[in-house]
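# Examination of the molecular architecture
Below, each chain spelled out in residue letters.
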Amino acid sequence: MTGLSGGCQCGAVRFRAVPSRGKAHICHCRMCQKAVGNLFASLVDADASEVIWTRGTPATFNSSAEVTRGFCSACGTPLFYGYPGGYGLCLGAFDDPAAIPLIHESGMEGRLPQVDQIGHIPNIGTTEEDMADEAPAIAASNRQHPDHDTDHWPPVSG
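In this text the structure is predicted, and so the values were computed from the model without any measurement. Counting of residues starts from 1 at the beginning of each chain's written sequence and follows it residue by residue. Selection of residues for local features in this predicted model requires a pLDDT of at least 70, selection of side-chain atom pairs for listing and counting requires 80 or more, and totals for whole chains, interfaces and linings are taken over all residues. The side-chain quantities take in all heavy atoms of the structure and omit both hydrogens and water.

## Observations regarding the state of the cysteines
For clarity, the threshold we go by: Criterion for a disulfide: a pair of cysteine sulfur atoms at a distance within 2.5 Å. A 1.4 Å probe rolled over the protein chains alone gives each residue an accessible area, and that area as a share of the maximum for its type sets the label: buried under 20%, exposed over 50%, partly exposed in between.
One pass over the full model with this rule turns up 0 disulfides. Left without a disulfide partner, Cys 32 is nearest to the cysteine sulfur of Cys 27, which lies 3.7 Å away. Residue Cys 32 is classed as buried on the basis of its relative accessible area, which comes to 3%. For Cys 72, which is in no disulfide, the shortest distance to another cysteine sulfur is to Cys 8 and amounts to 3.6 Å.

## Focus on the pattern of salt bridges
Oppositely charged side chains can pair when the atoms bearing their charge come close. Our working rule: Counted as salt bridges are all cases of a side-chain nitrogen of Lys or Arg within 4 Å of a carboxyl oxygen of Asp or Glu.
Under the counting rule described, the total for this entry stands at 5 salt bridges. Here Arg 111 makes a salt bridge to Glu 105, at a shortest N to O gap of 3.2 Å. Note on Glu 105: relative accessible area 39%, which makes it partly exposed. What you see here is one network of salt bridges that share partners, running through Arg 14, Arg 16, Asp 95 and Asp 149.

## Brief notes about the sheet that holds strand S7 (residues 68-71)
To summarise the sheet geometry, strands pair through backbone hydrogen bonds and adopt either a parallel or an antiparallel arrangement. Selection criterion: At least two bridges found by DSSP between two strands is the condition for calling them paired. Numbering of helices and strands starts at the N terminus; helices are DSSP runs of H or I of at least 4 residues and strands are runs of E of at least 2. With axes taken as lines fitted to C-alpha atoms, and helix axes fitted only over the stretch in contact, angles between N-to-C directions fall between 0 and 180 degrees.
Pairing within the open sheet is mixed, and its 7 strands lie in the order S6-S7-S8-S9-S4-S3-S10. With partners counted over all chains shown, the strands left at the sheet margins are strand S6 (59-62) and strand S10 (104-106), one partner each. If you compare each strand with its neighbour and ignore which way they point, the axes differ by 30 degrees on average. Relative to S7, S6 is paired through 4 bridges, and the arrangement is antiparallel. Paired with Ala 59 across the two strands is Phe 71, which belongs to S7.

## Considerations on the sheet that holds strand S5 (residues 51-55)
Read from one edge to the other, the open sheet built from 3 strands follows the order S1-S2-S5, with strand pairing classed as antiparallel. The sheet terminates laterally at strand S1 (4-7) and S5, the two strands that pair on one side only. Adjacent strand axes in the sheet meet at a mean angle of 25 degrees, parallel and antiparallel pairs treated alike.

## A closer look at the packing of aromatic side chains
To keep it simple, the criterion reads: Pairing of aromatic rings covers Phe, Tyr and the six-membered ring of Trp, with a centre-to-centre limit of 6.5 Å; geometry is then stacked below 30 degrees between planes, edge-to-face above 60, and tilted otherwise.
Inspection of the entire model under this criterion finds 6 aromatic pairs. The interplanar angle of 45 degrees and the centroid separation of 5.7 Å between the aromatic rings of Trp 53 and Phe 80 together place this pair among those described as tilted. Of this pair, Trp 53 sits in strand S5 while Phe 80 sits in strand S8 (residues 78-83), and the two are 27 residues apart along the sequence. With a relative accessible area of 6%, Phe 80 lands in the buried category. Residues Phe 80 and Tyr 87 carry aromatic rings whose centres are separated by 4.7 Å and whose planes lie at 75 degrees to one another, so their mutual orientation is edge-to-face. Ring pairs connect the aromatic residues Phe 15, Trp 53, Phe 80, Tyr 87 and Phe 94, which therefore count as one cluster.

Dropping the structure here:
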């Protein structure tokens, strides 16, 4: 299967998926906001047959009668919105989320006013600039899975 790879922050759950063209979107509904703990969820649809879990299995929560929310039980990373026959995969869980352009917004009844501020609030720089004293220690102790497939994670120390 070709497609794009992704996974959770700790690397316990990994996937490969073929996203549906024209199906990447932002959902502002309150259920999506709560599921990802953010102002909105950014998702791309994929048929269930086009998603393979290559490492681990996501935990799920039934957020409604026909919808499951998938996440890593080890680190809590939101991974998907599951519906009959497919998934809305979280864009941020892909190794290269920039490769998936957004097409539309939905759930506009829940759109929060802070979204309009994006692009208009001060840009204070990179993490390394903003947290110059803390950044080296954070980088040295980083346990985040890299943005590519690995045979083993965490790495075997030797």
